Amino acid sequence: MTRKPKIGASKELWEHVLLLTKTDKESFEGGLAAWHNKWESFLNERKTDANGKSRYVHKRLRSAYRSLKTNLPWLFTWYDHMDLQIPNTTNAIDGHFANLKNKLRNHNGLSQARKKKLIDEFLKA
């Protein structure tokens, strides 16, 4: 059996993920399925540890793929509901959360109740 380098599989998956905001749902799902078919035997490689327990060799890569596969229905909410004009990234809201975190950091002596009040007022604005 010829072993393909892990860097190839993970790099290919990463490059596919970068297409997420530039492609449609069907193309992304098809590409993910093609990636999985290509690397399936690599992902299923197992080794036996010192205790005799069989474990997957590439568990982090398996986890990344599983996360994408499991969350596919929500990754394209913007695509499924174009009439709502939902942005395909969270960039706009990320800036708001960064601002909120800075405000909380600047007032780090606040009690839990006061922090909750600050967050509540921040989100109302």
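Above this note sits the structure.
Please read all numbers here as calculations on a predicted model, not as lab measurements.

Q: I'd like a rundown of the overall build of the protein chain, residues and numbers included.
A: Regarding its fold elements, the protein chain presents 6 helices and 2 strands. The secondary structure elements of the protein chain, listed N-terminal to C-terminal, are α-α-β-β-α-α-α-α. Per-residue burial over the protein chain gives 18% buried out of 125 residues. Taking the contacts inside the protein chain whose residues are at least 6 apart along the sequence as the reference set, 49% of them involve residues at least 24 apart.

Q: Which residues make up the pattern of salt bridges, and what are the values?
A: In total, this model carries 4 salt bridges according to the counting rule given. Linking Asp 49 and Arg 55 is a salt bridge whose minimum nitrogen-to-oxygen distance equals 2.9 Å. Judged by relative accessible area, Asp 49 falls into the partly exposed class, the value being 22%. On the accessibility criterion, Arg 55 (41% relative accessible area) is partly exposed. Two residues, Asp 120 and Lys 124, come together in a salt bridge whose shortest N-O distance is 3.5 Å. Highlighted residues: Asp 120 and Lys 124, both in helix H6 (residues 112-124), separated by 4 residues, approximately one helical turn. Asp 120 sits in the partly exposed class, given a relative accessible area of 39%. Residues joined by salt bridges that share partners form a network here, namely Asp 120, Glu 121 and Lys 124.

Thresholds, definitions, all that
- Residues numbered from 1 in each chain as written.
- Predicted model: local features only at pLDDT ≥ 70, side-chain atom pairs only at ≥ 80, totals over all residues.
- Heavy atoms only, no water.
- Helix = DSSP H or I, 4+ residues; strand = E, 2+ residues; numbered from the N terminus.
- Buried < 20%, exposed > 50% of the residue type's maximum accessible area, 1.4 Å probe, protein only.
- Contact = heavy atoms within 4.5 Å.
- Salt bridge = Lys/Arg side-chain N within 4 Å of Asp/Glu carboxyl O.

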